[in-house]
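# Reading the structure
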Amino acid sequence: MSSSPSSSVVEARKALANRLVEIRKDAGLTGDELSARCRWHPAKTSRIQSGKSAPSEDDLRAWCTACNAENQIPDLIATARAVESMYTEWRRMERTGLRAAQESVAALYQRTKLFRVYASRVIPGMVQTPEYTAAVLRSIQRDRVPIDDVEEAVEARLKRQRMLFSGRHRFGLLVEEYVLRAAVSDAETMSDQLGHLISAASSPFVSLGIIPTGCDRHQLPVEDFYMFDEAEVAVELTSGYLRITHPAKSPTTCARSPR
């Protein structure tokens, strides 16, 4: 159950770089031609396109202007701000413990009508038992969070779960078979968790799918992800998740909430 926030930031920065490459190609420009139009050294274009350097907001404006793609500027700036805020958010979360991170997404969960989840490492948070949640959060706290508020974080999770299963929300859960077999805790906790998952799946508001081990797939997803209606996707990490939103639908994009 290991995943590094820094690796996900690198991937997010690379995704932004790929978008810039596509914008340049759509404009029919080479890297040298774009550099000339932006009045900077070609090495800078190369670093931005490889994801090694983070473009500033002025860089993004210049890039899009050179490519006659000014309509892309607001979305690219929103994305760049999100990527660069990730490290700050992780550090803030680790300093203040896990409870506040759990509570920070309560409003998002409450207003979401349809949750769609893909889980490749642990049971989705909304259908975890208290003991399973405690085991997951304890491993996070022990590994990287200096404040031990696991009990309070578990209680915050349970409070959110009670709200979710009021009948106003629907859930589509897609889980890798490995998740059901991964020994997150002792045998009794795992047995209780699987029983709870079966019970949750019997609800008319929950649809559960399991991808069997051994399926012929060329590439497996790296991270778990949650979809909140049509407005937001959250890519889950071991100690939190990255919220990916569309600027026209949501004003913020940030990293939050350990499962």
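Scroll up to find the structure.
Below is a summary of the structure that appears in this document. (Residues numbered from 1 in each chain as written. Predicted model: local features only at pLDDT ≥ 70, side-chain atom pairs only at ≥ 80, totals over all residues. Heavy atoms only, no water.)

### Describing the packing of aromatic side chains
Two aromatic rings, taken as a pair, are described by how far apart their centres are and by the angle between their planes. Selection rule: Each aromatic pair joins two rings of Phe, Tyr and Trp (for Trp, the six-membered one) with centres within 6.5 Å, and gets the label stacked for planes under 30 degrees apart, edge-to-face for over 60, and tilted for any other angle. The numbering of helices and of strands both runs from the N terminus, where a helix is a DSSP run of H or I of at least 4 residues and a strand a run of E of at least 2. Residue burial is assigned from relative accessible area. The probe radius is 1.4 Å, only protein chains are included, and a residue is buried under 20% of its type maximum, exposed over 50%, and partly exposed in between. Criterion for a charge above a ring: Arg CZ or Lys NZ at most 6 Å from the ring centre, at most 35 degrees from the ring normal.
For the coordinates displayed, the defined rule picks out eight aromatic pairs. Ring geometry for Phe115 and Phe171: centres 5.1 Å apart, planes at 15 degrees, overall stacked. Linking Phe115 in strand S1 (residues 114–119) with Phe171 in strand S2 (residues 170–176), this pair joins segments that are 56 residues apart in sequence. For Phe115, a relative accessible area of 0% corresponds to the buried category. With 4.9 Å between their ring centres and 20 degrees between their planes, Phe165 and Phe171 make a pair best called stacked. Looking at Phe171, the relative accessible area reads 3%, which means it is buried. Its guanidinium or amino end placed over the ring of Tyr109, Arg160 lies 4.3 Å from that ring's centre, counting from NZ or CZ.

### Regarding the pairing of strand S4 (residues 224–228)
Applied cut-off: Pairing between strands is defined by DSSP: at least two bridges between them are needed.
Burial of the side chains of S4 is restricted to one face: Asp224, Tyr226 and Phe228 are buried, whereas none of Phe225 and Met227 on the reverse face is. Where S1 and S4 come together, four bridges link them in antiparallel fashion. What sits directly across from Phe115, in S4, is Phe228.

### What about a negative patch on the surface?
For clarity, the cut-off: The patches described consist of residues with a relative accessible area above 30% and no salt bridge, like charges being joined within 9 Å and nonpolar side chains (Val, Leu, Ile, Met, Phe, Trp, Tyr) within 5 Å. Throughout, the Shrake-Rupley method with a 1.4 Å probe supplies accessible areas, and for residues the shown protein chains are the sole cover considered. Salt bridge criterion: a side-chain nitrogen from Lys or Arg within 4 Å of a carboxyl oxygen from Asp or Glu. Charged-residue counts in this description rest on Lys and Arg as positive and Asp and Glu as negative, His and the chain ends being excluded. By convention, the charge on Lys lies at NZ, on Arg at CZ, on Asp at CG and on Glu at CD.
A contiguous patch of negative charge on the surface is contributed by Glu131, Asp186, Glu188 and Asp192. Relative to the elements of secondary structure, Glu188 occurs in helix H11 (residues 187–201). With relative accessibility at 59%, the residue Glu188 sits in the exposed group.

### Observations concerning the nonpolar core
Condition: Side-chain atoms within 4.5 Å link the members of a nonpolar core, which is a set of buried Ala, Val, Leu, Ile, Met, Phe, Trp, Tyr and Cys residues. We call two residues contacting when some pair of their heavy atoms lies within 4.5 Å.
Core analysis: the biggest nonpolar cluster contains 36 residues, and Tyr109 and Met126 have the highest contact counts within it. When contributions to this core are tallied by element, the ones reaching two or more residues are helix H7 (106–111), S1, helix H8 (130–144), helix H9 (150–164), S2, helix H10 (177–181), H11 and S4. Per-element tally for this core: the top contributor is H9, with six residues. Met126 has contacts with Tyr109, Phe115, Val117, Gln161, Leu164, Phe165, Phe171, Leu173 and Tyr226, leaving out every residue within four places of it along the chain. With 18 residues, the next largest nonpolar core counts Leu29, Cys67, Ile73 and Ile77 among its residues.

### Regarding the side chain of Thr133
Along the chain, the position of Thr133 falls in helix H8. Judged by its relative accessible area of 1%, Thr133 falls in the buried class.

### Focus: the environment of Arg61
Here is the rule: Counting of polar contacts relies on pairs of N or O atoms within 3.5 Å, with two restrictions inside protein: one atom must be capable of donating a hydrogen and the other of accepting it, and residues adjacent in sequence are counted only when both atoms are side-chain atoms.
Residue position: Arg61 is located in helix H4 (residues 57–66). Spatially, the C-alpha atoms of Arg61 and Leu76 are 9.0 Å apart, while their sequence positions differ by 15 residues. Non-local contacts of Arg61, meaning those with residues more than four positions away in its chain, are made with Ile73 and Ile77. Within the structure, Arg61 has its side chain in polar contact with the side chain of Asp58 (distance 3.1 Å).

### Brief notes about the pattern of salt bridges
Per the stated rule, a full pass over the model turns up 11 salt bridges. Notably, a salt bridge pairs Asp148 with Arg138, separated by 2.9 Å at the nearest N-O pair. Of the two residues, Asp148 sits in the loop between H8 and H9 while Arg138 sits in helix H8, which places them 10 residues apart along the sequence. For Arg138, a relative accessible area of 27% corresponds to the partly exposed category. Through salt bridges with shared partners, a single ionic network connects Glu57, Asp58, Arg61 and Arg81.

Worth remembering: the numbers are spatial, not functional.
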